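The primary structure of each chain is shown beneath.
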Amino acid sequence: ETGVTPSNRTRREIRSRGLTLQSFLAQDRVVTTFGGRNDKNRSRNSNGATVDATNGFLNYDALETWPQFTERQGSTKTRGIVVRPFRGWSAIDRRADDQSGGLPSHFADFVRSLNVHYNESDTFQPAAAQYDLFGDLLPDPQGKGKDYGVSFSLLQGKFVVRVNKYDNKQQYSRGGDAGIVATRA
């Protein structure tokens, strides 16, 4: 009797603890965000259903046989800042709120809404236990990212522009064509 693939069951338990702090400083001109999370992942896969060689029918009894849990853990951290250097300046606010319009009013509106932001994070994704073609346990997906940019608005917030640059790195991803090939080989 050989197992029918993929006919097993997966049992997962994820326990997470996290903390987030967001601070508004310098009359809300500087906003910082810090966060962290720790995930503990326990998972296991049952044996697969088998084909009874005498009659050709599936036997599901093996689905009730569970090995020990595989336990993994990892943490995720994020840090970010937004700086609004001209927020709350009365001279700029008066000029931006001037209903007569004109270039000085539009420029003041632009300056008042200007934001500069930066964020970096590292991630861990608790995933169910999976194995490579050699039977070795695959590591959990992980990543690192940085993004930064500027944003502003015009016409009293009716037109918003945001320009970002992202740098993201992913490691141990379980998506892609390799998984398709492995299940059909």
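Because the structure is predicted, anything quoted here is derived from the model rather than measured.

### Here we look at the pattern of salt bridges
Phase 1: Taken as a whole and assessed by the stated rule, the structure comprises 12 salt bridges.
Phase 2: Between Glu 64 and Arg 9 there is a salt bridge; the shortest N-O distance is 3.2 Å. Highlighted residues: Glu 64 in the loop between strand E4 (58-59) and strand E5 (70-83) and Arg 9 in the segment before strand E1 (10-25), separated in sequence by 55 residues.
Phase 3: Taking the relative accessible area as the measure of exposure, Arg 9 reaches 34% and is therefore partly exposed.
Phase 4: Ionic pairing is found between Arg 15 and Glu 13, a salt bridge with its closest N-O pair at 3.9 Å.
Phase 5: On the basis of relative accessibility, which here comes to 56%, the residue Arg 15 falls in the exposed class.
Phase 6: Overlapping salt bridges bring together Glu 13, Arg 15, Arg 42 and Glu 71 as one network.

### Some remarks on the packing of aromatic side chains
Phase 1: For the structure on display, the rule yields 4 aromatic pairs.
Phase 2: Here the aromatic rings of Phe 110 and Phe 152 are separated by 4.9 Å at their centres, their planes lie at 75°, and the arrangement is edge-to-face. Of this pair, Phe 110 sits in helix H2 (residues 102-113) while Phe 152 is found in strand E7 (residues 142-154), placing the two residues 42 residues apart along the sequence.
Phase 3: Measuring from ring centre to ring centre gives 6.4 Å for Tyr 118 and Tyr 148, while their planes differ by 25°; the resulting arrangement is stacked. Taken as a pair, Tyr 118 in strand E6 (residues 115-124) and Tyr 148 in strand E7 lie far apart in primary sequence, 30 residues in all.
Phase 4: By relative accessible area, which is 29% here, Tyr 118 ends up partly exposed.
Phase 5: Among the aromatic residues, those joined into a ring-pair cluster are Phe 107, Phe 110 and Phe 152.

### Focus on the pairing of E1
Phase 1: Sheet topology note: the E1/strand E2 (residues 30-45) ladder contains 16 bridges and is antiparallel. Bridge pairing links Ile 14 to Asn 41 in E2.
Phase 2: If you look at the hairpin formed by E1 and E2, you'll find 4 residues sitting between the two strands, and Ala 26 has a positive phi there, around 50°.

### Some thoughts on the pairing of E5
Phase 1: Pairing analysis gives 14 bridges linking E2 to E5, with the strands arranged antiparallel. Looking at the pairing, Arg 37 lines up with Thr 76 of E5.
Phase 2: As paired strands, E5 and E6 are joined by 7 bridges and run antiparallel to one another. Directly across from Arg 79, in E6, lies its bridge partner Glu 120.

### Digging into the side chain of Thr 32
Phase 1: As for its placement among the helices and strands, Thr 32 is situated in strand E2.
Phase 2: Setting aside chain neighbours within four positions, we find Thr 32 in contact with Leu 21, Gln 22, Ser 23, Gly 80 and Ile 81.

### Considerations on the environment of Gly 48
Phase 1: One can find Gly 48 in the loop between E2 and strand E3 (50-51).
Phase 2: For Gly 48, a relative accessible area of 22% translates into the label partly exposed.
Phase 3: Those residues in contact with Gly 48 that sit more than four places away from it in its chain are Ser 7, Asn 8, Ala 62 and Leu 63.

### Describing the sheet that holds E2
Phase 1: Taken together, the 6 strands give an open sheet; going across it, the order is E1-E2-E5-E6-E7-E8, and neighbouring strands pair in antiparallel fashion. Looking along the sheet, the strands with just one partner apiece sit at the ends: E1 and strand E8 (159-171). Going from strand to strand, the sheet's axes swing by 10° on average, the running direction of each strand aside.
Phase 2: Strands in contact with H2 are E6 and E7; relative to E7, the strand with the most contacts, it is inclined by about 155°.

Calculation rules
- Residues numbered from 1 in each chain as written.
- Predicted model: local features only at pLDDT ≥ 70, side-chain atom pairs only at ≥ 80, totals over all residues.
- Heavy atoms only, no water.
- Salt bridge = Lys/Arg side-chain N within 4 Å of Asp/Glu carboxyl O.
- Helix = DSSP H or I, 4+ residues; strand = E, 2+ residues; numbered from the N terminus.
- Buried < 20%, exposed > 50% of the residue type's maximum accessible area, 1.4 Å probe, protein only.
- Phe/Tyr/Trp six-rings, centres within 6.5 Å; stacked < 30°, edge-to-face > 60°.
- Pairing = 2+ DSSP bridges.
- Contact = heavy atoms within 4.5 Å.
- Axes fitted to C-alpha atoms, helices over the stretch in contact; angles between N-to-C directions.

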